[in-house]
Amino acid sequence: MASFSLILIRLSLVAVLLTASFCQLKAIGIREAVDDAVGEQREFDYFNFALQWPGTQCKNTRHCCPSNGCCRGSNAPTEFTIHGLWPDYNDGTWPSCCKKSKFDEKEISTLLDALEKYWPSYRCGSTSTCYSGEGLFWAHEWEKHGTCSFPVVRDEYSYFSTTLNLYFKYNVTRVLNEAGYLPSNTEKYPLGGIVSAIQNAFHATPKLDCSKDAVNELHLCFYKDFKPRDCIIERSPENDNYFSSSSCPKYVSLPVYMSSGVDDATAAIPWILENEPL
Ligand code: U2P
């Protein structure tokens with residue numbers, strides 16, 4: 001009887017600890033799926049394709065190093081670049097670090113030129129990965145997100161080639177340019193206009209993220225067969241305005257990329273070692 005009560009007490013303690021850590025995760029805004037904690041993650045619902053705007057990403061660059069896409073002078077990106085292809089759940093959470101598969105650069109050697117150009121990191125220093133400790137931005141994206149793309153995307157090479165193909169097929173920068181939304185440090189554009197331009201081109205609603213009024217990221221979403229679908233956007237309960245919960249205001253900017261680079265700004269920006277933490 002005594003040992004039965006002991007078991008009961010232990011079970012209650014475990015339940016309290018689990019509830020506490022779940023609340024803590026929620027409190028700090030981590031929306032990775034809860035079942036991460038026990039390592040069992042159900043299959044994802046859709047793909048969230050995250051693109052980054054270099055003009056905003058590079059605005060606050062303080063350090064340069066060879067791997068930092070902000071530091072390429074006249075070769076720096078002037079179009080949206082890839083952040084990652086993220087398998088997500090319809091409830092707004094996502095799985096992460098699903099299948100133990102360490103990033104191996106050799107597997108994507110034929111894609112490296114394209115990845116350098118269209119999937120650059122905008123930082124110096126390495127990124128935390130699920131299985132390789134610290135690593136490249138690509139290692140982070142493959143291990144955290146790519147490994148959760150099963151059964152649609154089954155290996156590292158397919159993860160990167162599929163993502164590049166999506167990037168070429170859905171050219172967001174071109175769509176925005178054609179609709180008159182050009183990079184500018186003075187113009188402000190209606191967020192609704194940018195969303196409509198993408199809706200008209202791809203027949204699905206994107207999601208935008210901003211840093212103050214500057215567009216930082218634009219997300220396109222896809223069903224598992226890669227047909228475009230609406231991204232999940234929480235509506236405001238007060239006015240049903242679906243932009244209100246995005247981090248963007250009503251009028252946004254697409255800042256021009258300001259070179260932090262090797263060509264002309266090396267004196268202004270200190271170079272740091274590749275692995276120096278920022
Ligand atoms: O938004 C901040 C970071 O959360 C991760 N994220 C966000 C939305 C989503 O659908 N999936 C997801 O993973 C991203 O983390 P990262 O891949 O950069 O580590 C995003 O940057």
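Residues numbered from 1 in each chain as written. Predicted model: local features only at pLDDT ≥ 70, side-chain atom pairs only at ≥ 80, totals over all residues. Heavy atoms only, no water.

Concerning the overall build of the protein
Under the convention used in this document: Only DSSP runs of H or I with at least four residues qualify as helices, and only runs of E with at least two residues qualify as strands; both kinds are numbered from the N terminus onward. Burial here depends on accessible area, computed with a 1.4 Å probe over protein chains only, as a share of the maximum for the residue type. Under 20% is buried, over 50% is exposed, and the range in between is partly exposed. The accessible surface values rely on the Shrake-Rupley method and a 1.4 Å probe; as for residues, cover is taken only from the protein chains in view.
Across its full length, the protein carries seven helices and nine strands. Across the 278 residues of the protein, 44% fall into the buried class. Of the roughly 14,900 Å² of accessible surface on the protein, 55% is carried by carbon and sulfur atoms.

Regarding the environment of Arg-62
Mapped onto the elements, Arg-62 comes out in the loop between helix H2 (54–57) and strand E2 (81–88). The exposed category is assigned to Arg-62, whose relative accessible area is 56%. Between the alpha carbons of Arg-62 and Arg-123 there is a distance of 9.5 Å; along the sequence they are 61 residues apart.

Structural notes on the nonpolar core
As a reminder, the rule being used: We define the nonpolar core as a collection of buried residues of types Ala, Val, Leu, Ile, Met, Phe, Trp, Tyr and Cys that are connected through side-chain atoms lying within 4.5 Å of one another. Here, residues are in contact when the closest pair of their heavy atoms is within 4.5 Å.
Judged by nonpolar contacts, the single largest core of 45 residues is most densely connected at Phe-49, Phe-80, Leu-115, Phe-160, Val-172, Leu-176 and Leu-220. Contacts of Leu-220, omitting those with residues within four sequence positions, involve Phe-47, Asn-48, Phe-49, Tyr-170, Val-172, Ile-198, Phe-202, Pro-206 and Cys-231. One finds Cys-58, Cys-70, Cys-71 and Ala-76 within the second-largest nonpolar core, a separate group that totals seven residues.

Some details on the confidence of the model for the protein
Selection rule: Per-residue confidence from the prediction method is given by pLDDT, with values spanning 0 to 100.
Looking at the protein as a whole, the pLDDT averages 83, with 76% of positions reaching at least 70. Confidence over residues 13–30 falls short of pLDDT 50; this stretch has two contacts with residues more than four positions distant or in other chains. The low-confidence segment residues 273–278 (pLDDT under 50) makes 12 contacts with residues lying over four places distant or belonging to another chain.

Details of the pattern of salt bridges
Any two side chains of opposite charge can pair if their charged atoms end up close together. Selection rule: The rule for a salt bridge is simple: a side-chain nitrogen of Lys or Arg has to be within 4 Å of a carboxyl oxygen of Asp or Glu.
Summed over all chains, the structure comprises seven salt bridges. Arg-72 is paired through a salt bridge with Glu-116; the nearest N and O atoms lie 3.7 Å apart. Pair noted here: Arg-72 is in the loop between H2 and E2 and Glu-116 is in helix H3 (residues 112–118), with a separation of 44 residues, a long-range link. Here Lys-188 ties to Asp-213 by a salt bridge, and the two come within 3.0 Å at their closest N and O atoms. Linking Lys-188 in the loop between helix H6 (172–178) and strand E5 (189–190) with Asp-213 in the loop between strand E6 (207–211) and strand E7 (214–222), this pair joins segments that are 25 residues apart in sequence.

Let's talk about the UniProt feature "active site" (unreviewed entry) in the protein
Rules: UniProt positions are given in the numbering used here, feature names are shortened, and annotations may be inferred rather than shown by experiment.
Per the UniProt record, the feature "active site" (unreviewed entry) sits at His-83, Glu-141 and His-145. For the annotated residues, spread through 63 residues, the largest C-alpha to C-alpha distance comes to 11.0 Å, consistent with a single compact locus. The residue Glu-141 is located in helix H4 (residues 137–144) in this model. Sequence-distant contacts of Glu-141, defined by excluding residues within four places in its chain, comprise His-83, Gly-84, Trp-86, Trp-119, Gly-146 and Tyr-159. With respect to the helices and strands, His-145 occurs in the loop between H4 and helix H5 (156–169). Residues within four places of His-145 in sequence aside, it is in contact with Leu-85, Trp-86, Pro-87, His-140 and Tyr-159.

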